[in-house]
Amino acid sequence: MTERVQAETGARSEQVSTRALVVCLAYAALTGGVVAGLGNPLIYEVSVARDVPVVDAQWMVIATLLAGAVGTPVLSRLADGPARKRVLIGTLLVLGLASAVALIPTFPAVIATRSVQGLGYALVPLTVSLARAHLGGEVLTRTLAMLSLSVSLGVGLGNPMIGLLVGVAGYRAPFLLVTVVGLTAAWLVARTVPAAPRGDPRVAVDLPGAALLALGLGALLLAVARGGVWGWTSIATVLVGGAGVALLAVWALVELRVTAPLVDLRLVCSRTLLGVNVVAMLIGIGMFAGASTVMVLVQTPTEHGVGLGRSVFVAGLLMLPMALVSLVTPPVGLWAARRIGYRVVLAAGALTTACAFGYFARWHDSILDIVVMMVVMGVGVGLAYSVMPAVVVAVTPYERVGTAMGVNQVLRLAGGSAGGAVVAAILAAHTRPGAHDPAETGFVLAAVFASGGALVAALVALLLLPRGTGRGAGDPDGAAEVTVDTPATAA
């Protein structure tokens, strides 16, 4: 009798411990969503407060995505080693403390803070690596889906609070929120997450590769974003763009030669991961580019016949439908994926996202139009991002899950930064000399561009992902279901 009571008590303690771990990892990942959410709603507010054009304020998003594209693979690589818990705690501390820099009332201080906050995008692969190490079975599958969606959820749930803080105390108040959230998340991780298992091998980090990627991608994005201002055939555009391409080519050669590359290009281009990685990049182009376009238009004054003239609080509140829908969509997506295949669900999510931005390009004259667009976007993002991690984890060896998820996240961010740069160029090309706000045509073309990126992602998912990916026994082809190994079975 005593032994049975002890066994039941141990089972309850383990259940509570697992639940606490999942909650802790979700909170840490949501911190990255709150950080990401600081960009789009504040673009117009910062442009007014610091007296800079809207197209320049777009770098609040581009700089963050660029830093995330470089910092994520470095931190993800460290997440494959025994220091994964310490790396997560350190990242949260840096995010919290660096946000105080934005309190300095200058535009460069805001850009500097947003650049450091790009490390927040690494919180997803970091938390995924910890979940992979300490969870298994169906709990792991559900946790992976939730962590993958944490950025969009954090954006949607945090933006109304961000808007309220801006309305009360100005654009610098939300950065204090990030300080509080980041520091409390670091404390929670330190108390809740178990120590790393003994025997995990140490990993090396390719710092030269990180430097080359940062310089090359930064130069290329700068040329794209400022090409309309400098002139597409000007010496500055050609030199900066050419330097970016050359540096990225050198970076690719270095990555193929080093023992521990920053981004494993062979893994990126492997037959099993190529399709899902390309889809991640294309959806990133559509989602990040489209979201920034919507937020700027919502806050643009109606004086010139375009824009809704709403406050940053309303703009943030309009992200809430997307977050709520993307919260309830993943269970449906995972249920459907077990029956019709992850390939089909991923393509459906991308196609739905394309429809959302296509709707916005045609109808954007009222709050109702924005709500409809956000709901459709939430469905698309929820479907696509819920099945991505399951596909990545299922086809990746246990010891390389952190790297594989980091690569997938990098491609989302690289696509997003490229999309943001293109949107900045489009809006700049449709802003009259001396004017502060772009014309309506610029917003429409930016939305069409975002919709096109998501549409191509749907086609790539159908063409490049192997047929039967993730299908269960009910599939007529009889393909095996995508499974997620536990640490024990992986070993």
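It should be noted that the structure appears before, not after, this text.
Since this is a predicted model, take the numbers as computed values, not measurements. (Residues numbered from 1 in each chain as written. Predicted model: local features only at pLDDT ≥ 70, side-chain atom pairs only at ≥ 80, totals over all residues. Heavy atoms only, no water.)

**Student:** Would you explain the overall build of the protein chain in this entry?
**Tutor:** Looking only at helices and strands, the protein chain features 21 helices and zero strands. Burial analysis of the protein chain (491 residues in total) assigns 57% to the buried set. Excluding contacts between residues fewer than 6 apart, the proportion of contacts in the protein chain whose partners are at least 24 apart in sequence is 80%. When the accessible surface of the protein chain is totalled, it reaches about 19,100 Å², and 68% of it is carbon and sulfur. (Helix = DSSP H or I, 4+ residues; strand = E, 2+ residues; numbered from the N terminus. Buried < 20%, exposed > 50% of the residue type's maximum accessible area, 1.4 Å probe, protein only. Contact = heavy atoms within 4.5 Å. Areas by Shrake-Rupley, 256 points an atom, 1.4 Å probe, with all protein chains shown as cover.)

**Student:** How do you make sense of the packing of helix H5 (residues 84-98) against helix H10 (residues 173-192) when you look at a structure like this?
**Tutor:** Between two packed helices, the angle of one axis relative to the other and the distance separating the axes together describe the packing. Orientation of H5 relative to H10, taken along the N-to-C sense of each, is 160°, at an axis distance of 7 Å. Judged on the interaxial angle alone, H10 and H5 are roughly antiparallel. The crossing of H5 and H10 is left-handed. Seen from H5, the contacting residues are Lys85, Leu88, Ile89, Leu92, Leu93, Leu95, Gly96 and Leu97; seen from H10, they are Val178, Thr179, Gly182, Leu183, Ala185, Ala186, Val189 and Ala190. Residues that form the contact of H5 with H10 fall into these classes: 12 nonpolar, three polar and one charged. (Axes fitted to C-alpha atoms, helices over the stretch in contact; angles between N-to-C directions. Parallel < 35°, antiparallel > 145°, perpendicular 65-115°, else oblique. Left-handed = near helix turned anticlockwise from the far one by under 90°. Nonpolar A, V, L, I, M, F, W, Y, C, P; charged D, E, K, R; others polar.)

**Student:** I tried to follow helix H20 (residues 440-464) on my own but got confused; where do I start?
**Tutor:** Residues that lie three or four places apart on an α-helix share one face, since the helix turns once every 3.6 residues. Along its 25 residues, H20 runs 36 Å from first to last C-alpha, staying within 8% of the 36 Å computed at 1.5 Å per residue. Along H20, the positions that sit buried rather than exposed are Gly442, Phe443, Ala446, Ala447, Ala450, Ser451, Gly453, Ala454, Ala457, Ala458, Val460 and Ala461. (Expected span 1.5 Å × (residues − 1).)

**Student:** Mind showing me how you'd approach the nonpolar core here?
**Tutor:** Across soluble globular proteins, nonpolar side chains show a tendency to be buried alongside one another. In this structure, Leu42, Leu346, Met374 and Met377 are the most contacted members of the largest nonpolar core, which totals 132 residues. With 15 residues, the single largest contributor to this core is helix H14 (residues 274-299). Ignoring any residue separated from it by four or fewer positions in sequence, one finds Met377 in contact with Met287, Ala291, Met322, Ala356 and Phe357. Residues Val70, Val74, Ala210 and Leu248 belong to the second largest nonpolar core, which totals 13 residues. (Core = buried A, V, L, I, M, F, W, Y, C linked by side-chain atoms within 4.5 Å.)

**Student:** Looking at this structure, how should I read a nonpolar patch on the surface?
**Tutor:** Residues Leu274, Leu459, Leu462, Leu463 and Leu464 make up a contiguous nonpolar surface patch of about 460 Å² in total accessible area. Per-element accounting of the nonpolar patch gives the leading share, four residues, to H20. Secondary-structure assignment places Leu464 in helix H20. A relative accessible area of 39% means that Leu464 is categorised as partly exposed. (Patch = residues over 30% accessible without salt bridge, like charges linked within 9 Å, V, L, I, M, F, W, Y side chains within 5 Å. Salt bridge = Lys/Arg side-chain N within 4 Å of Asp/Glu carboxyl O.)

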